[in-house]
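# Fold and contact review
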Amino acid sequence: MKLLILIMTSHPEFGERTPGSVVARVFEDSIRGRTILITGVSPKSIGAATALNLASQHPALLILASRTRHRVQEIADKIQQDHPGTRVEIVQLNLSSQKSVRQAAADVAALTDKLDILINNAGLFVTSRQATAEGIEMQFGTNHIGPFLFTNLLLPLLRKAAYNTSPGATRIVTLSSAGHRLSPIRFSDYNFTGKPVPPEEEHVKPLQGAFGRCTSDGYNGIVAYAQSKTANILFTRYLQQHLPKYGIAAYALHPGTIQTDLSRDQDPELETAFYKVAPYWKTPDEGSSTTLVAALDPALNEIKGLYLYDCQFREPFSHASDPVAAERLWKLSEELVGETFALDF
Ligand SMILES: NC(=O)c1ccc[n+]([C@@H]2O[C@H](COP(=O)([O-])OP(=O)(O)OC[C@H]3O[C@@H](n4cnc5c(N)ncnc54)[C@H](OP(=O)(O)O)[C@@H]3O)[C@@H](O)[C@H]2O)c1
């Protein structure tokens, strides 16, 4: 019974097939008049469905921060067409470049002096070894280090919003993945250079079929993606330890399995393997619902939860909720962006 109380959000009937459009309508009061930023918005994406559902309930300002201008513009145009009068602004953001992240944060600050909800949605999956502008492994650098820096640079705006709202209504929501279960943070070799790692940093073994394939230089994109998605939850864990005293809440989530451009780098063999393991493929609208519960449900303020799955709380794997690992990751992330962020202001 205790477990049930811990995992339920205010709508226990919400689940795998709940459309995000329904969630947005139910929590319209958490959207109306508020300033919301979402990263990673392009056609067919979870970010597009999330942005369109948010736009349907009269936010004061919707900021779409994304990498490819013409793709995010397409969604901004659709919002204007479907919900005329919505104030939408586009900010160019490349999470694979810390220079771009810093510029984007400055651009956001020029648009607004407060931010009610930040949704770290953007992410990528690659199967070959690539690196960010700073030489960090691409998935760790883009899916975690970029959002780490962006969030910290936007914290003053979030704190400003939190002064005038009920505790926990100001939120930082970060999209992780159920795939986080496959790998902890490889602190001894987060860049996958081939250095030996201790057993507690090893990924789950063996990885079956196409999931276990490595490139000729020993890189496994699935493991690197899993590490970056574990980082998303540990990052949230750290924020939860430090931000509630300022009225800011943080949640991580798995959106479900959705056919989006996340698979653009997959070959047919890997695609087939994913189809075999995913029992249900959500529509993009259904794929936006867990994000919207995490961002909007006022009842979450009363519940101790870190990670949502199909619109309800679920325990992440222990390597993704360990407070010691969360602290260690925070320090590593500070080193990699060359700046410290004391959250005890
Ligand atoms: N789809 C799934 O089944 C699934 C499952 C679990 C978790 N997720 C997570 O859900 C989130 C959204 O993914 P999605 O499925 O909607 O994928 P998607 O269709 O590929 O969308 C990803 C978005 O992120 C943007 N992006 C990629 N790299 C970026 C960068 N370096 N800087 C800024 N923006 C960047 C993309 O912009 P462009 O327009 O430039 O491509 C795009 O708008 C990701 O965090 C992903 O890990 C997805």
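In this text the structure is predicted, and so the values were computed from the model without any measurement. (Residues numbered from 1 in each chain as written. Predicted model: local features only at pLDDT ≥ 70, side-chain atom pairs only at ≥ 80, totals over all residues. Heavy atoms only, no water.)

Attention shifts here to the overall build of the chain. Broken down by element type, the chain carries eleven helices and eight strands. For a compact globule of 345 residues, the expected C-alpha radius of gyration is about 20 Å, and the chain comes in at 19 Å, within 12% of that figure. Counting only residues that meet the buried cut, the chain has 57% of its 345 residues in that class. For the chain, restricting intrachain contacts to residue pairs at least 6 apart in sequence, the fraction spanning at least 24 positions comes to 78%. For the chain, the exposed surface amounts to about 14400 Å²; the carbon and sulfur share of it is 54%. Looking at charge distribution, the chain has the averaged site of its 33 positive side-chain charges lying 1 Å from that of its 35 negative ones. (Helix = DSSP H or I, 4+ residues; strand = E, 2+ residues; numbered from the N terminus. Rg over C-alpha atoms; globule rule 2.2 N^0.38 Å. Buried < 20%, exposed > 50% of the residue type's maximum accessible area, 1.4 Å probe, protein only. Contact = heavy atoms within 4.5 Å. Areas by Shrake-Rupley, 256 points an atom, 1.4 Å probe, with all protein chains shown as cover. Lys, Arg positive; Asp, Glu negative; His and termini not counted. Charge placed at Lys NZ, Arg CZ, Asp CG, Glu CD.)

Turning to the layout of surface pockets, a few remarks are in order. Left-over empty space is what a probe sized like a water molecule reveals as it rolls over the atoms. Roughly 540 Å³ of internal volume is contained in the second largest pocket. If you trace the second largest pocket, you find 24 residues lining it, with Q240, Y251, I303, K304 and G305 closest to the centre. Of all elements in the fold, only α1 (2-7), α7 (221-242) and β6 (248-254) reach the threshold of two or more residues within the lining of the second largest pocket. Here the lining of the second largest pocket takes four residues from β6, the largest share from any one element. For the lining of the second largest pocket, the class distribution of residues is 13 nonpolar, six polar and five charged. (1 Å grid on protein atoms, 1.4 Å probe; cavity = no way out; pocket = protein on both sides within 12 Å on 5 of 7 lines; lining within 4 Å. Points joined across faces, edges and corners; volume = space filled by probe spheres on them. Nonpolar A, V, L, I, M, F, W, Y, C, P; charged D, E, K, R; others polar.)

Now for the pattern of salt bridges. This structure, assessed with the given rule, holds 19 salt bridges. Its salt-bridge partner being K44, residue D261 comes within 3.1 Å of it at the nearest N-O pair. Of the two residues, D261 sits in the loop between β6 and α8 (268-277) while K44 sits in the loop between β1 (35-39) and α3 (46-55), which places them 217 residues apart along the sequence. In this structure, D113 and K160 form a salt bridge, with 3.2 Å as the shortest nitrogen-oxygen distance. Linking D113 in the loop between α5 (98-111) and β4 (117-120) with K160 in helix α6 (residues 138-163), this pair joins segments that are 47 residues apart in sequence. Under the relative-accessibility criterion, D113 is labelled partly exposed at 49%. The class for K160 is partly exposed, based on a relative accessible area of 37%. The network of salt bridges with shared partners includes E28, D29 and R32. (Salt bridge = Lys/Arg side-chain N within 4 Å of Asp/Glu carboxyl O.)

So, on to the packing of aromatic side chains. Under the defined criterion, the tally for this structure stands at 13 aromatic pairs. Relative to F274, the ring of F211 has its centre 5.1 Å away and its plane inclined at 75°; by these criteria the two rings are edge-to-face. With a gap of 63 residues between them, F211 in the loop between β5 (170-175) and α7 and F274 in helix α8 connect regions that are remote in the sequence. Between Y251 and F313, the ring centres sit 5.9 Å apart and the planes meet at 50°, which makes this aromatic pair tilted. Linking Y251 in strand β6 with F313 in strand β8 (residues 312-313), this pair joins segments that are 62 residues apart in sequence. Take Y251 and F313: they sit in the same class, and that class is buried. By the ring-pair criterion, three or more aromatic residues cluster together here, those being F148, F235, Y238, W330 and F341. (Phe/Tyr/Trp six-rings, centres within 6.5 Å; stacked < 30°, edge-to-face > 60°.)

What follows deals with the pairing of β6. Most of β6 is tucked away: seven of the seven residues are buried. With burial as the criterion, each face of β6 is covered, one bearing I248, A250, A252 and H254 and the other bearing A249, Y251 and L253. Of the pairings in the sheet, the one linking β5 to β6 comprises six bridges and is parallel in character. Paired with T170 across the two strands is I248, which belongs to β6. (Pairing = 2+ DSSP bridges.)

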